[in-house]
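Topology and contacts: notes
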Amino acid sequence: FNFRFTMAGDMFPNIDRVANIESPIFVIHGTRDEIVPFWHGEELFLACQRRFRARPFWVDGAGHNNIESLLRESGAFFEHLRFFMDEWCRERDPHLY
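For the structure given in this document, a descriptive report is provided here. Because the structure is a prediction, the values reported are computed rather than measured. (Residues numbered from 1 in each chain as written. Predicted model: local features only at pLDDT ≥ 70, side-chain atom pairs only at ≥ 80, totals over all residues. Heavy atoms only, no water.)

**A closer look at the nonpolar core**
Phe 26, Ala 54, Phe 57, Val 59, Ala 62, Ile 67, Leu 71, Ala 76, Phe 77, Phe 84 and Trp 88 form the largest nonpolar core, which has 11 residues in total. Broken down by secondary-structure element, the contributors of at least two residues to this core are strand S2 (57-59), helix H3 (67-71) and helix H4 (76-90). In terms of residue count, H4 provides more of this core than any other element does, four residues in total. Setting aside its immediate chain neighbours within four residues, Phe 57 contacts Phe 26, Val 27, Ile 28, His 29, Leu 71, Ala 76, Phe 77 and His 80. By size, the runner-up hydrophobic cluster in this structure holds five residues, among which are Ile 25, Val 27, Phe 45 and Cys 48. (Core = buried A, V, L, I, M, F, W, Y, C linked by side-chain atoms within 4.5 Å. Buried < 20%, exposed > 50% of the residue type's maximum accessible area, 1.4 Å probe, protein only. Helix = DSSP H or I, 4+ residues; strand = E, 2+ residues; numbered from the N terminus. Contact = heavy atoms within 4.5 Å.)

This is the structure in structure tokens:
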């Protein structure tokens, strides 16, 4: 079921806080996450301020804890991280590298 409110005691109320973040946000989420449903990642991305939304990385077929291992051989995980850093950090401050 799909409901939109934060449960009392939730240690990770990200959806309630993400709109206040004023820095680039890169959402990585597996499409077959068995712990945090994929639609949570989509809603989190949409709740970010538009000006800070980096292109999300939806990992097809990945669960909650296997994204890195699923992408290890292809190098896609670190490729996407580098792309995020290049796009959002290097252009703004070339001295970060």
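Let us keep going from here.
**Side note on the packing of aromatic side chains**
What the rule picks out here adds up to four aromatic pairs. The interplanar angle of 10° and the centroid separation of 5.0 Å between the aromatic rings of Phe 26 and Phe 84 together place this pair among those described as stacked. Pair noted here: Phe 26 is in the loop between helix H1 (14-17) and strand S1 (28-30) and Phe 84 is in helix H4, with a separation of 58 residues, a long-range link. The buried category is assigned to Phe 84, whose relative accessible area is 12%. In textbook terms, an aromatic cluster arises when at least three aromatic residues are bridged by ring pairs, as seen for Phe 38, Phe 45 and Trp 58. A cation over a ring is seen here: Arg 53 above Phe 45, with NZ or CZ 5.2 Å from the ring centre. (Phe/Tyr/Trp six-rings, centres within 6.5 Å; stacked < 30°, edge-to-face > 60°. Lys NZ or Arg CZ within 6 Å of the ring centre and 35° of its normal.)

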